[in-house]
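Fold and geometry: a report
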Amino acid sequence: MPRQVAPATLPRALGLAALLASVSPLAAAQPVAPPVPVHVHVMAPGDTLIGLGRRLLAEPARWPEVARFNQVRNDRRMPVGLALQIPLHLLRTEPAPAAVLSVTGAVHSGGAAVSAGQVLQEGDRLDTGEQGLATVRLVDGTLLRLRGQGRLQVDLSRRLPGTDGVRSGVQLQRGRVEIEAAPARAGQPGFRIGTPQGVLGVRGTVFRVEAAADGLTRGEVLEGTVGVSGHSSAANETAVAAGFGAVVDATGAVAPPQPLLPAPGLDAVPALHERPLVRLVPAVVAGAVAYRVQVASDESFDVVLADVRAVVDPATGVAELRIRDLPDGRYPLRVRAIAANGLEGRDARATLALKARPEPPLPSEPRPGAERVTGASTFAWSASSEARSYRLQVARADDDEFARPLHDMKGIEGARVELPALPAGAYLWRVASVRADGDQGPFGDEHAFRVRELPPAPAAPAAPAAPAVGDQTIRFFWGGQPGQRFDFQLARDAAFEQIVDQRTLDRTDVELPRPGSGRYHMRVRVRDSDGYVGPWSATQHFDVVSCARSGDGACVSSGGGPLQTH
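Residues numbered from 1 in each chain as written. Predicted model: local features only at pLDDT ≥ 70, side-chain atom pairs only at ≥ 80, totals over all residues. Heavy atoms only, no water.

A short note on helix H1 (residues 49-56)
An α-helical turn contains 3.6 residues, so a residue and the one three or four places further along point in the same direction. Among the residues of H1, those classed as buried are Leu-49, Leu-52, Gly-53 and Leu-56. For H1, the buried positions fall inside an angular range of 105° around the axis, keeping them on one side. (Buried < 20%, exposed > 50% of the residue type's maximum accessible area, 1.4 Å probe, protein only. Helix = DSSP H or I, 4+ residues; strand = E, 2+ residues; numbered from the N terminus. Arc of directions from axis to C-beta.)

Description of the confidence of the model for the chain
Overall, the predicted model of the chain reaches an average pLDDT of 84, with 84% of residues at or above 70. For the chain, the element scoring lowest by mean pLDDT is strand E1 (residues 15-18), at 36; strand E21 (residues 258-259) scores highest, at 98. (pLDDT = per-residue confidence, 0-100.)

Here's the deal with the pattern of salt bridges
In this structure the tally under the stated criterion is 39 salt bridges. For Asp-328, the salt bridge is made with Arg-357, and the minimal N-O distance between the two is 2.7 Å. Taken together, the residues span a long stretch of sequence, with Asp-328 in the loop between strand E25 (321-323) and strand E26 (329-339) and Arg-357 in the loop between strand E27 (348-354) and strand E28 (363-365) at a distance of 29 residues. Owing to a relative accessible area of 28%, Asp-328 belongs among the partly exposed residues under this scheme. (Salt bridge = Lys/Arg side-chain N within 4 Å of Asp/Glu carboxyl O.)

Some thoughts on the nonpolar core
Among soluble globular proteins, nonpolar side chains are generally buried collectively. Residues Leu-126, Leu-144, Leu-172, Val-177, Ile-179, Phe-191 and Ile-193 are the most contacted members of the largest nonpolar core, which totals 31 residues. Elements that contribute at least two residues to this core include exactly strand E5 (98-104), strand E10 (133-137), strand E11 (143-146), strand E12 (151-159), strand E13 (166-180), strand E16 (206-211), strand E18 (225-229) and strand E20 (244-248). Broken down by element, the residue count for this core peaks at four residues, all from E13. One finds Leu-261, Leu-266, Leu-333 and Ala-339 within the second-largest nonpolar core, a separate group that totals 25 residues. (Core = buried A, V, L, I, M, F, W, Y, C linked by side-chain atoms within 4.5 Å.)

Here's the deal with the side chain of Arg-292
Turning to its location among the elements, Arg-292 is positioned in strand E23 (residues 288-296). Reaching out from Arg-292, the side chain makes a polar contact with the side chain of Asp-307 at a distance of 2.9 Å. Within the structure, the side chain of Arg-292 is placed 2.9 Å from the side chain of Glu-344, a separation counted as a polar contact. Filtering out sequence-adjacent residues up to four positions away, Arg-292 remains in contact with Arg-176, Asp-307, Val-308, Arg-309, Leu-321, Arg-334, Val-335, Arg-336, Ile-338 and Glu-344. (Polar contact = N/O pair within 3.5 Å; in protein donor to acceptor, adjacent residues only side chain to side chain. Contact = heavy atoms within 4.5 Å.)

Comments concerning unusual backbone geometry
Cis geometry is adopted by the peptide bond preceding Pro-358, which originates at Arg-357 and carries an omega value of 0°. Note on placement: Pro-358 falls in the loop between E27 and E28. Here Phe-301, not a glycine, exhibits a phi torsion of approximately 60°, which is positive. Look at Asp-325: it is not a glycine, yet its phi comes out positive at around 65°. Along the chain, the position of Asp-325 falls in the loop between E25 and E26. Exposure remark for Asp-325: the relative accessible area of 62% places this residue in the exposed category.

A look at the sheet that holds E28
Reading across the sheet, the three strands line up as E28-E30-E33 and stay open at both edges, with antiparallel pairing between neighbours. Each having just a single partner strand, E28 and strand E33 (416-419) make up the two edges of the open sheet. Across the sheet, the axes of successive neighbouring strands diverge by a mean angle of 25°, strand direction being ignored. Note that E28 and strand E30 (residues 377-381) share two bridges and pair antiparallel. Within E30, the residue paired with Glu-365 across the bridge is Ala-380. (Pairing = 2+ DSSP bridges. Axes fitted to C-alpha atoms, helices over the stretch in contact; angles between N-to-C directions.)

Observations concerning the packing of aromatic side chains
For the structure on display, the rule yields four aromatic pairs. Ring centres of Phe-379 and Phe-449 lie 5.7 Å apart, and the angle between their planes is 70°; on these two criteria the pair is classed as edge-to-face. A residue pair is termed long-range when its members are at least 10 positions apart, and Phe-379 in strand E30 and Phe-449 in strand E36 (residues 447-452) qualify at 70 residues. What makes Phe-379 buried here is its relative accessible area of 0%. Ring-pair connections join several aromatic residues into one group, and the members of that group are Phe-379, Tyr-427, Trp-429 and Phe-449. Directly above the aromatic system of Phe-301 lies the positively charged group of Arg-334, at a separation of 4.0 Å from the ring centroid. It is Arg-430 that lies over the ring of Phe-402; its NZ or CZ is 4.1 Å from the centre. (Phe/Tyr/Trp six-rings, centres within 6.5 Å; stacked < 30°, edge-to-face > 60°. Lys NZ or Arg CZ within 6 Å of the ring centre and 35° of its normal.)

Considering the layout of surface pockets
When its volume is computed, the largest pocket comes out at roughly 690 Å³. What lines the largest pocket is a set of 30 residues, and nearest its centre among them are Glu-130, Gly-148, Gln-149, Arg-292 and Asp-307. The residue makeup of the lining of the largest pocket, split by class, is eleven nonpolar, seven polar and twelve charged. (1 Å grid on protein atoms, 1.4 Å probe; cavity = no way out; pocket = protein on both sides within 12 Å on 5 of 7 lines; lining within 4 Å. Points joined across faces, edges and corners; volume = space filled by probe spheres on them. Nonpolar A, V, L, I, M, F, W, Y, C, P; charged D, E, K, R; others polar.)

Okay, structure coming up:
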């Protein structure tokens, strides 16, 4: 389909033209417009070729070319109602700017920031940052949604005065753009978009185009049918129907159309998200190597708030899409699978409901998995800067859980509260922040703890046996049960203020260096395996006497005992 622009503008050819007939995705496309694009004028009473030349042509004196083009033999006798075809290249044109409808993130033109409502003239270029997005409406009504890290230039934007015809075209130099192309009038060329690999032209359809960093152009047809040709075989077209996509390589070769991957299932996506970092795991789509999610403020996705791509984890076969920095609210959402050839599939749509603020505080007591004995229970958490008060719920860990909580306390103004004794059993607890205006945020994660009956106090260990006092060491023994641990203390005084040695042991004996002469006191207490600490044993005492020592340091015995020194 010829285009009325300088040949240097679009040097390497790839053309996509919308087909009016329904064809197989692999069938060769036939041209649907005359070889020369035309404007059709229906002759009205009083119309003459000379008059039409003055009114419509860029050079009025070229009206005879119109006559020859239509094989008019007598320009004085032209019947009313005749469909006169006027080649577009003869018509007068005037600039008609495109309009920027919306901007998200960093979007620039000529180094200056772009804002919604700004107009784009022929030659103007848009650059989007990594999170930048822009929606543009062209003069013919075509909508372009340029995504992040894209570069797009308006190279044709004109009206045809005296007619309702327009001409529009852009260059996508890099990035990805989503297109809703307005239908073209009969005989006139439709919207055209160039890429580094060529030109894509349509007559009214919905599709996506990517000019990728890997040197490929990808087209994905969502509605209508598109004809694809590469500059290596410009005379041949391949029809790509809705639900199919095509890849064109750097040489202009067009790969056979491939079916787009189906929309992924979103049944497992929660109806309500209660954390600022939204995590989505779409259902696995066979053949997908990645997924893309987009969140918008409007159903048409003119204002996209998040555009996230995640690669499939080869170990699990799934991809987790993470969306951050969204305010609380309800948003249109769409997710699509991406094939190994880079073609993005059909969209699955849903509504994202987010209520994550004020964020819940961090719990501190009881810790997860803690065990408590019956008695008053203390619950504590960190203080949240967003909260005026808190709401605490405690429930039994059964099937109903928080459907029927045992305790549901509202309006707690501190970060600590004590509840009456709980019966023995398994429990869950959670807490939420509440703003001054009464707006409650989500509950924090549930944490489990157990309450058990207060066991009988473990018997104090039997009074330690009399210590075995040797020449160099002294040993102590006491009784105990498997799994118990023991705190041992040795002191010079009965109040245990002058500690000589203290330690925790997992056995029922201890051997210490023989202390100096004098009276000593010792005691032991039990630590059960669940953390419960028993009482101290009765205090025991013993005496160590000085002795005369031999040359090797051993006590010299006399009469069955050590020879005491004074």
